[in-house]
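Notes for the structure review
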Amino acid sequence: MKYWILIIFVLLLLVDVSGQERVLEIEFKAVYENAPLVLKSEVHQFQEKKIVFTRLKYYITNIELRLGEELVWKEKNSHHLIDLEKIETEKVVLDLPEKVHYDKISYQLGVDSLTNVSGAMGGDLDPTKGMYWAWNSGYINFKLEGVYEDCPTRKNKFQFHIGGYAGNMATVQKIEHGLTNERPIVIKVDVNQFLKELNLVEEHSLMRPSTKSVALAKRAALIFKRNDE
Amino acid sequence: MNRKINLVGLVFVLFVCYGFHSSATIDFLVPPNWPTPNYNFDKNPLTKAKIALGRHLFYEPLLSRDTSISCSSCHSQYTAFTHVDHDLSHGIDDRIGTRNSPSLMNLAWSNTFMWDGAVNHLDMQALAPMTHEDEMGDDLLNVIQKLQASSKYPILFAKAFGDSIITGEHLLKAIAQFELILVSANAKYDQVMRKETTFSVQEKSGYALFQTHCNSCHQEPLFTNHQFANNGLEIDTTLNDKGRMGITKEAKDAQLFKIPTLRNVEFSYPYMHDGRFEQLSEVLNHYVKGIHKSATLSPLLEEGLPLTHEEQIDLIAFLLTLTDKEFLFNPQFSFPRK
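Residues numbered from 1 in each chain as written. Chains lettered and ligands numbered in written order. Predicted model: local features only at pLDDT ≥ 70, side-chain atom pairs only at ≥ 80, totals over all residues. Heavy atoms only, no water.

All names here are of chain B. For the pair helix H12 (residues 280-289) and helix H13 (residues 309-319), the least separation of the axes is 11 Å and the interaxial angle reads 130°. Here H12 lies oblique to H13, going by the angle between them. As H12 runs across H13, the sense of the crossing is right-handed. Contacts from Leu280, Ser281, Leu284, Asn285 and Val288 of H12 reach H13 at Gln312, Leu315, Ile316 and Leu319. Looking at the contact of H12 with H13 residue by residue, the classes come out as six nonpolar, three polar and no charged. (Axes fitted to C-alpha atoms, helices over the stretch in contact; angles between N-to-C directions. Helix = DSSP H or I, 4+ residues; strand = E, 2+ residues; numbered from the N terminus. Parallel < 35°, antiparallel > 145°, perpendicular 65-115°, else oblique. Left-handed = near helix turned anticlockwise from the far one by under 90°. Contact = heavy atoms within 4.5 Å. Nonpolar A, V, L, I, M, F, W, Y, C, P; charged D, E, K, R; others polar.)

Right under this line is the structure:
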């Protein structure tokens, strides 16, 4: 008798779990136009000149799921540093409770202002991650570095470190995608879309909060697209 | 055999007691009639082991690229945790910075750090000098590797945080804990306020002058209102330091600098962000007849301060009552010898 109860219980549990997706995976895929973005080794073309990317890092934070306009779930301590040099960071795995129905996902590109003024943090927010400005406190939200043939800089390097959290220098951006049944959710991040309106010969170095950073942060948010968007 | 077990048991009990003792949260004591601290202790509760670790780190030259400079190099206890005898503080390789290092005390009440307020939280402050090429010239990951490879620090971090693997968060929180306990609240001024002693006639006259002319910026009991101001210093064209404007990029912040505390001011010379004045009398002379007018000058200083020579002497007598010998020579704040 006891065994029957146990077996029924286990079966119920199995049915329940298989009926709900408890784990939601989001993959951030860096691309350059339509090809995967490979750091350092691959040479791409930008405005008919050679360009090589050496670093792409950014914070994805405050992930939320919605059904229509209703917020149905939000991740606690939601801070993920995506670093193209560390492929394991490209996939964000969310543990959902049972029976969550949603058709939209939203997140922020960058670290919110409250976190920026809350002192030393650990994990992905640890200042050892190279995404914190020591001399003008605050997180770098989005970092893109590389070498472009025509950059009039030392070793032709360009570097965009986009951050700033206070007042009209705030750079954190909200991004939202409608969802289909595709799993995992794949978000393409096309770096070419970020660069295409820039003149890298003149605009190649940005390393502090400014109005330019705010404009570029807005552009950076537009390059995050779900596969069929 | 039994005795051996007892001994092991005793050592174990002692170890547990010690462990418990050093990880127990210590309350931060706010001196009577002082405001509520700005620091959020809930996010970094003080413990004996973390303060001890922070103290070791404060005096640790491994925090600099060539192991020559520690925090205490520019923040020496006996001089109110600042760097005396240098207008501009210097770092590794005899490199010279652009400002005079601020004194360190009562930091739990501060809401911004550095002369220009570049740093927004005490935890993050130490990161700035550690990584500045003219100061300690290292990077955080490299500092952590050096500490991890030492015989001493993995043990101290394990005691403090229950983890011998050193992280940036733990390093910064430990240093902040040591800085937080640097409280100066036992100067003669404080004793007078607590009615344990009285001012001399001259000090009393100076205190009245202070309350009339200085207290709006150097507000009691912390002797700062934590704001920024342009106090009429003519710009030093060898430095062209625009102060707060360098951070906010707003013209209204040109030449505004953090209003420093006056506690222990007797020992924190030279004065001003660029250390241009060596004596308190020079500072008062500036406020009386040296004010340089510019668009962002504090409106309180437009006419200069109307202080006679005698009044200036009385005011200095009062400022000397802000010296806290107990703070300056507190053995708990000094180089950890063991």
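Read on, since the account is not over.
Our next topic: helix H2 (residues 48-58) of chain B. For H2 of chain B, a buried count of eight out of 11 residues is recorded, marking the element as mostly surrounded by other parts of the structure. Regarding H2 of chain B, the residues found buried are Ala49, Lys50, Ile51, Leu53, Gly54, His56, Leu57 and Phe58 of chain B. (Buried < 20%, exposed > 50% of the residue type's maximum accessible area, 1.4 Å probe, protein only.)

A word on the UniProt feature "binding site: heme c 1" (unreviewed entry) in chain B. Residue and element names in this part refer to chain B. Listed under "binding site: heme c 1" (unreviewed entry) in the UniProt record, and renumbered for this structure, are Cys71, Cys74 and His75. Checked against the element boundaries, Cys71 lands in helix H3 (residues 71-74). In this structure Cys71 touches Leu57, Phe58, Leu63 and Met136, once residues within four positions along its chain are discounted. Position of Cys74 relative to the elements: it lies in helix H3. Ignoring anything within four residues of it in the chain, the contact list for Cys74 reads Phe81, Thr82, His83, Ser89, His90 and Ser101. (UniProt positions renumbered as here; feature names shortened; annotations may be inferred.)

A few words on the packing of aromatic side chains. This structure, assessed with the given rule, holds 36 aromatic pairs over all chains. Where Phe157 of chain B meets Phe161 of chain B, the ring centres are 6.3 Å apart and the plane angle is 25°; that geometry is what we call stacked. Here Phe157 of chain B and its partner Phe161 of chain B are both found in helix H7 (residues 153-161), four residues apart, which amounts to about one turn of the helix. Phe161 of chain B sits in the buried class, given a relative accessible area of 19%. Judged by centre distance (5.3 Å) and plane angle (50°), the ring pair of Phe210 of chain B and Phe223 of chain B falls under tilted. Within this pair, whereas Phe210 of chain B is found in helix H10 (residues 201-213), its partner Phe223 of chain B is found in the loop between H10 and strand S1 (228-229), the two being separated by 13 residues in sequence. An aromatic cluster is defined as three or more aromatic residues linked by ring pairs; in this entry it consists of Phe28, Tyr32, Phe53, Tyr58, Tyr107, Phe142, Phe158, Phe160, Phe194 and Phe224 of chain A. (Phe/Tyr/Trp six-rings, centres within 6.5 Å; stacked < 30°, edge-to-face > 60°.)

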